[in-house]
Amino acid sequence: MTRRTPTGRRPAISQPAASRPSITGVSLNRALSKLGLCSRTQAEVLIAEGRVRVNGKVTGNASARVDLNRDRIVVDDRPVVAERKVYLMLNKPRGLVTTRDDPQQRDTVYACLEELDLPFVSPVGRLDKASEGLLLMTNDTRFANRLMDPASHLPKTYHVQVDTVPDETMLDKLRAGTTVDGETLTANSIALLRSGGRTAWLEIVLDEGRNRHIRRLLAAHDIKVKRLIRIAIGRLELGDLAKGTARHLTPEEMALLGD
């Protein structure tokens, strides 16, 4: 009986080498991830278990370099080739972590994808557990790397509920940026959207995303975040996508991301 991969799917049937993606000089575990079979961590397990052969030989070295224009990779006796490219937008709910395998056994964003027939996909960047909103997922690593490259300056827009109503003086301080733990944290823009009682909603636009960037920037001024929702990446908006659901990007939406 043919064994399944850790993703629960059989590897795809082989295609001619000429139709494979041009991936040369990469490690074996990274190659399996790029081909959409599984994550690099899962690939390391497959390799360690002796389930992966390169050009007919079993290899236990996850760092072995391979050339997918020439080398033939087989997992559980089935050749591995590139999966179809998938581009998803997900409205991430609060309380889910942006990873596939969590050592603490917390619920992950992959719970939102269980009803979809998908190859292995990875998040493009992250939203922390307490954050919500627009998260892109794909198996196209070149697409993901382009979007995450700081040189792309692709703005990300957030609506943030805070536990105070900042006046214009405080907003100017936030706009000026601050240094936290040796990192300079700034924003492209910060605006007051609305306020009521003792809370307010801010619109904050970043063109980079350091770890807990907005939360740390606000905390430096003793402002606590109550909710944080990413509503747009570049010109792509979350819109009315229901929380906890995902769908494929349309060609028009891909164009908004500069595809």
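Residues numbered from 1 in each chain as written. Predicted model: local features only at pLDDT ≥ 70, side-chain atom pairs only at ≥ 80, totals over all residues. Heavy atoms only, no water.

### What about the UniProt feature "domain: RNA-binding S4" (unreviewed entry) in the chain?
Right, so step 1: Here the UniProt-annotated "domain: RNA-binding S4" (unreviewed entry) positions come out as residues 26–85.
Right, so step 2: End C-alpha atoms of residues 26–85 are separated by 20 Å, and the span's content is 27% helix alongside 23% strand. (UniProt positions renumbered as here; feature names shortened; annotations may be inferred. Helix = DSSP H or I, 4+ residues; strand = E, 2+ residues; numbered from the N terminus.)

### Some points on the sheet that holds strand β6 (residues 78–79)
Right, so step 1: In spatial order, the strands read β3-β2-β5-β6; together these four strands make up an open sheet with antiparallel pairing. If you trace the sheet from one side to the other, it starts and ends with β3 (57–58) and β6, each paired once. (Pairing = 2+ DSSP bridges.)

### Quick word on the nonpolar core
Right, so step 1: Leu-113, Met-137, Val-160, Ile-190, Ile-204, Ile-214 and Leu-218 are the most contacted members of the largest nonpolar core, which totals 33 residues.
Right, so step 2: Counting only elements with at least two residues in this core, the list comes to β7 (87–92), β9 (132–138), β10 (156–162), α4 (168–176), β14 (199–206), α5 (213–219) and β15 (225–233).
Right, so step 3: The contacts of Leu-113, once residues within four sequence positions are left out, are Leu-88, Leu-118, Val-121, Met-137 and Ala-246.
Right, so step 4: One finds Val-66, Leu-68, Val-75 and Val-80 within the second-largest nonpolar core, a separate group that totals 18 residues. (Core = buried A, V, L, I, M, F, W, Y, C linked by side-chain atoms within 4.5 Å. Buried < 20%, exposed > 50% of the residue type's maximum accessible area, 1.4 Å probe, protein only. Contact = heavy atoms within 4.5 Å.)

### Digging into helix α3 (residues 141–148)
Right, so step 1: Within α3, burial applies to Phe-143, Ala-144 and Leu-147. Across the axial projection of α3, the buried residues extend over an arc of 95 degrees, all falling on one side.
Right, so step 2: Packed against the buried residues of α3 are β7, β9, β10 and α6 (251–256).
Right, so step 3: The backbone nitrogen of Arg-142 lies 3.2 Å from a side-chain oxygen of the residue at the head of α3, namely Asp-140. (Arc of directions from axis to C-beta. Polar contact = N/O pair within 3.5 Å; in protein donor to acceptor, adjacent residues only side chain to side chain.)

### Notes on the environment of Val-205
Right, so step 1: Checked against the element boundaries, Val-205 lands in strand β14.
Right, so step 2: Here Val-205 is in contact with Pro-155, Lys-156, Thr-157, Ala-187, Asn-188 and Ser-189, once residues within four sequence places are set aside.

### Structural notes on the pattern of salt bridges
Right, so step 1: Counting across every chain of the model gives 15 salt bridges.
Right, so step 2: For Glu-132, the salt bridge identified is with Arg-94, shortest N-O distance 3.6 Å. Of the two residues, Glu-132 sits in strand β9 while Arg-94 sits in the loop between β7 and β8 (122–123), which places them 38 residues apart along the sequence.
Right, so step 3: A salt bridge links Glu-168 to Arg-175; the nearest nitrogen and oxygen atoms lie 2.7 Å apart. (Salt bridge = Lys/Arg side-chain N within 4 Å of Asp/Glu carboxyl O.)

### Section: the side chain of Thr-98
Right, so step 1: By the element assignment, Thr-98 lies in the loop between β7 and β8.
Right, so step 2: Using a relative accessible area of 4% as the deciding quantity, one classes Thr-98 as buried.
Right, so step 3: Only 2.7 Å separates the side chain of Thr-98 from the backbone oxygen of Leu-127, close enough to count as a polar contact.
Right, so step 4: Setting aside residues no more than four positions away along its own chain, Thr-98 makes contact with Lys-92, Val-109, Pro-123, Gly-125, Arg-126, Leu-127 and Leu-135.

### Things to note about the environment of Asp-172
Right, so step 1: Mapping Asp-172 onto the fold places it in helix α4.
Right, so step 2: When the C-alpha positions of Asp-172 and Ala-191 are compared, they lie 9.8 Å apart, and in sequence the two are 19 residues distant.

### Looking at the packing of aromatic side chains
Right, so step 1: One pass over the structure, following the stated rule, counts one aromatic pair.
Right, so step 2: Ring centres of Tyr-87 and Phe-143 lie 4.9 Å apart, and the angle between their planes is 75 degrees; on these two criteria the pair is classed as edge-to-face. Placement of the pair is Tyr-87 in strand β7 and Phe-143 in helix α3, with a sequence separation of 56 residues. The two residues Tyr-87 and Phe-143 agree in class, both being buried. (Phe/Tyr/Trp six-rings, centres within 6.5 Å; stacked < 30°, edge-to-face > 60°.)

### A short note on the side chain of Asn-139
Right, so step 1: Looking at where Asn-139 falls in the secondary structure, it is placed in the loop between β9 and α3.
Right, so step 2: Here the side chain of Asn-139 touches Arg-84 through a polar contact of 2.7 Å, landing on its backbone oxygen.
Right, so step 3: A polar side-chain atom of Asn-139 sits 2.8 Å from the main-chain amide nitrogen of Val-86.
Right, so step 4: The contacts of Asn-139, once residues within four sequence positions are left out, are Lys-34, Glu-83, Arg-84, Lys-85, Val-86, Pro-119, Phe-120 and Val-121.

### Remarks on the pairing of β7
Right, so step 1: Within β7, six of the six residues are buried, which leaves the element mostly enclosed by the surrounding structure.
Right, so step 2: In β7, alternate side chains face the same way, and those of Tyr-87, Met-89 and Asn-91 on one face and Leu-88, Leu-90 and Lys-92 on the other are all buried.
Right, so step 3: Looking at chain direction, β7 and β9 are connected through six bridges and run antiparallel. Opposite Asn-91, over in β9, you have Leu-134 as the bridge partner.
Right, so step 4: Here β7 runs beside strand β17 (residues 246–248); their pairing, made up of three bridges, is antiparallel. Within β17, the position partnered with Leu-88 by the bridge is His-248.

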